[in-house]
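# Structural overview for review
Listed below are the residues making up each chain.
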Amino acid sequence: MDLKNIEWDKLDFSYRYVPYRFHAHWKDGSWDEGKLVTENKIAIDEGATTLHYGQQIFEGMKAQMSKDGRILLFKPHENARRFQKSAQRLLMAEVPEELFMKGITETIKANKEYVPPYGYGASLYIRPFLIGMGENLGVRPAPEYLFCVFVSPVGPYFKEGFKPISLKVETFFDRCAAHGIGAAKAGGNYSASLLPLKYAREEGFNDVVYLDPIEHKYFEESGVANVFFVFKDSTLATPKSVSILDSIIRRSLVQVAQEDFDLTVEERRIHVDEISEMAEAGACGTAAVITPVGSLGYNGKIYRFYADGKEAGPITNKLYKHLSALHVGDIEDTRGWLEEVK
Ligand code: PLP
Ligand code: COI
């Protein structure tokens, strides 16, 4: 990708080739030290567990540039720990936190010209992933693993940016089973979401919000982000469930809402019939940042929130501004959430 041709303000959320990525191998019980490589293709045994049995996990993170030119990561150790939890659930070799951090920092530093400058609303998306490798046929954990990190400069995940999106409340399909791998960041959860997403888009929605896989009554999350709702009494609520991803942005949002904005926050089961009590809604995650949800489609009816679903509500708006400012270091990082890549 030619740096001179990048229009930082026009970036979307797509893969763009940059020169370096990081690879580390696990075999016979230990990791090698890993190294930067330039080739973006991987040779995989045809019987590898990642290809047949979905032994595959990933993470999503962002590096952003501060006004004074520092490259900042947001809570990267939390991603490292979640990556280990995902590995435990899929019985994969865990990547030690130091190796995870080395992989991401070396990849960012090697590609540092591709970190979008401050002020364009763009970032360097970081995609660490772990796959089961080696010769294999039966259903069992892989004999070898490959840990990779690649990066790509990106803009907003939803092309609308900070404009309200519409979500279809999915009453038929589930993204995961009740005690399956929904809490792990595993590829299988995303392949399961492709067909419901296609149908939702055909019906004019931007994405799907799933309901719990047992009763189909309680909100879970969307395909790529957690969700939150602001009720008419200004209480902010976000779904609690064992089958959703434990979003790092959601946890931060909850803390900011309570500590910096004095809002009442509830992490609880949220019944779908509570829609009529909601004043605002949003999706939150690394890629989605905070994306306002203007409307929900449920059982053939459209429920519109603030400004008839055309604008972000005031609470969503101030949380978005505050968290975005925190990410780029515009607000003092009193909680030690930011880590500079030097
Ligand atoms: N839920 C799903 C299914 C996701 O893919 C993501 C993205 O990472 C999230 C939630 C948000 O998690 P985080 O805030 O840690 O990025
Ligand atoms: C992220 O927010 O980083 C994600 O992983 C979502 C993604 C599937 C695009």
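Residues numbered from 1 in each chain as written. Chains lettered and ligands numbered in written order. Predicted model: local features only at pLDDT ≥ 70, side-chain atom pairs only at ≥ 80, totals over all residues. Heavy atoms only, no water.

### Observations concerning the side chain of Arg 175
Counted only if it meets this: Numbering of helices and strands runs from the N terminus, with a helix taken as a DSSP run of H or I at least four residues long and a strand as a DSSP run of E at least two residues long. Relative accessibility decides the category of a residue: with a 1.4 Å probe and only protein chains considered, values under 20% of the type maximum give buried, values over 50% give exposed, and everything between is partly exposed. N or O atoms within 3.5 Å of each other form a polar contact, as long as, within protein, one can give a hydrogen and the other can take it, and as long as residues adjacent in sequence are counted only when both atoms are side-chain atoms. Whether two residues are in contact is decided by their heavy atoms, any of which lying within 4.5 Å being enough.
The topology assignment puts Arg 175 in the loop between strand E9 (165-170) and helix H4 (187-202). With relative accessibility at 6%, the residue Arg 175 sits in the buried group. Of note is the side chain of Arg 175, whose polar atom sits 3.4 Å from the backbone oxygen of Ser 243. Look past the residues within four positions of Arg 175 in its chain and what remains in contact with it is Gly 182, Asn 189, Ala 192, Tyr 210, Glu 221, Ser 222, Ser 243 and Ile 244.

### What about the domain arrangement of the protein?
In many reports, interface size means the accessible area that the parts give up when they come together. How we decide: How far each domain reaches was decided by an automatic or database domain assignment. A 1.4 Å probe defines the accessible area here, and the buried area is the portion of it lost by two parts on being joined, summed over both. Note on definitions: salt bridges are taken to be side-chain nitrogens of Lys or Arg within 4 Å of carboxyl oxygens of Asp or Glu. Here the nonpolar group is Ala, Val, Leu, Ile, Met, Phe, Trp, Tyr, Cys and Pro; Asp, Glu, Lys and Arg are the charged ones; every other residue, Gly included, is treated as polar.
Along its sequence, the protein is carved into domain 1 (3-154) and domain 2 (165-327). For domain 1 versus domain 2, the separation of C-alpha centres amounts to 26 Å. Overall, the association of domain 1 and domain 2 removes approximately 1600 Å² of surface from exposure, summing both partners, and the carbon and sulfur fraction of that is 59%. Ranking the residues of domain 1 by area buried against domain 2 places Phe 58, Phe 74 and Arg 82 at the top, with a combined share of 37%. Our count for the domain 1 to domain 2 interface comes out at one salt bridge. Ionic pairing is found between Arg 251 and Glu 78, a salt bridge with its closest N-O pair at 2.4 Å. Our enumeration of links across domain 1 and domain 2 arrives at nine residue pairs in polar contact (both at pLDDT 80 or more). Elements represented by at least two residues in the side of domain 1 that touches domain 2 include exactly strand E4 (56-58), strand E5 (61-65), strand E6 (71-74) and helix H2 (76-89). Considering every element that reaches the side of domain 1 that touches domain 2, the biggest residue donor is H2, with five residues. A class-by-class count of the residues in the side of domain 1 that touches domain 2 yields eight nonpolar, five polar and six charged.

### A closer look at the nonpolar core
Taken as a class, soluble globular proteins show a tendency for nonpolar side chains to be buried jointly. For clarity, the cut-off: We call a set of buried Ala, Val, Leu, Ile, Met, Phe, Trp, Tyr and Cys residues a nonpolar core when their side-chain atoms join them within 4.5 Å.
Core analysis: the largest hydrophobic core is formed by 40 residues, its most contacted members being Trp 31, Phe 100, Ile 108, Ile 126, Leu 130 and Phe 147. Breaking this core down by element, the ones donating at least two residues are strand E1 (21-27), E5, E6, H2, helix H3 (97-110), strand E7 (123-133) and strand E8 (144-154). Of all the elements, H3 adds the most residues to this core, at five residues. When neighbours within four sequence positions are excluded, Phe 147 is seen to be in contact with Phe 22, His 23, Ala 24, Trp 31, Phe 83, Val 95, Leu 99, Phe 100, Pro 128, Phe 129 and Leu 130. Judged by nonpolar contacts, the second largest core, of 23 residues, contains Val 227, Ile 275, Ala 288 and Tyr 298.

### Side note on the site of ligand 1
Heads up, the condition is: Any residue with a non-hydrogen atom lying within 4 Å of a molecule or strand is treated as near it. Each accessible area value is a Shrake-Rupley result obtained with a 1.4 Å probe; residue values ignore everything except the protein chains displayed when judging cover.
In the region of ligand 1, 16 residues are neighbours, and Arg 82, Tyr 190, Glu 221, Ser 247 and Thr 286 sit closest. Backbone polar atom of Ile 249 to an oxygen atom of ligand 1: 2.9 Å apart, as the coordinates give it. In the complex, 97% of the free accessible area of ligand 1, which totals 380 Å², lies under the protein chains. When residues of the shell around ligand 1 are traced back to their parent elements, those giving at least two are helix H5 (248-259) and strand E15 (278-285). Classifying every residue of the shell around ligand 1 gives seven nonpolar, five polar and four charged.

### Describing the packing of aromatic side chains
Quick note on the threshold: In summary, the pairing rule links any two rings of Phe, Tyr or Trp, Trp by its six-membered ring, whose centres are within 6.5 Å, and it sorts them by plane angle into stacked for under 30 degrees, edge-to-face for over 60 and tilted for everything else. Charge over a ring is defined by NZ of Lys or CZ of Arg lying within 6 Å of the ring centre and within 35 degrees of the ring normal.
Evaluation of the coordinates by the stated rule reveals 17 aromatic pairs. A ring pair is formed by Tyr 157 and Phe 158, whose centres lie 5.2 Å apart and whose planes are at 85°; its orientation type is edge-to-face. Each residue in the set Phe 22, Trp 31, Phe 83, Phe 100 and Phe 147 is aromatic and connected to the rest through ring pairs, giving one cluster. The ring of Trp 337 has Lys 75 lying over it, and the distance from NZ or CZ to the ring centre is 4.1 Å.

### Things to note about the packing of H5 against helix H6 (residues 314-327)
Operational definition: An axis is simply a line fitted to the C-alpha atoms; with a helix, the fit covers only the stretch in contact. Between two such axes, the angle follows the N-to-C directions and lies from 0 to 180 degrees. When describing relative orientation, an angle under 35 degrees is termed roughly parallel and one over 145 degrees roughly antiparallel, while 65 to 115 degrees is termed roughly perpendicular and anything else oblique. Handedness of a crossing is defined here by the sense of rotation of the near helix relative to the far one, left-handed for an anticlockwise turn of less than a right angle and right-handed for a clockwise turn.
The interhelical angle for the contact between H5 and H6, taken along N-to-C directions, is 115°, at an axis separation of 11 Å. In terms of their interaxial angle, H5 and H6 are classed as roughly perpendicular. Relative to H6, H5 is oriented so that their crossing is right-handed. In this structure, H5 contributes Ile 249, Ser 252, Leu 253, Val 256 and Ala 257 to the contact, and H6 contributes Leu 319, His 322, Leu 323, Leu 326 and His 327. Tallied by class, residues from the contact of H5 with H6 come to seven nonpolar, three polar and no charged.

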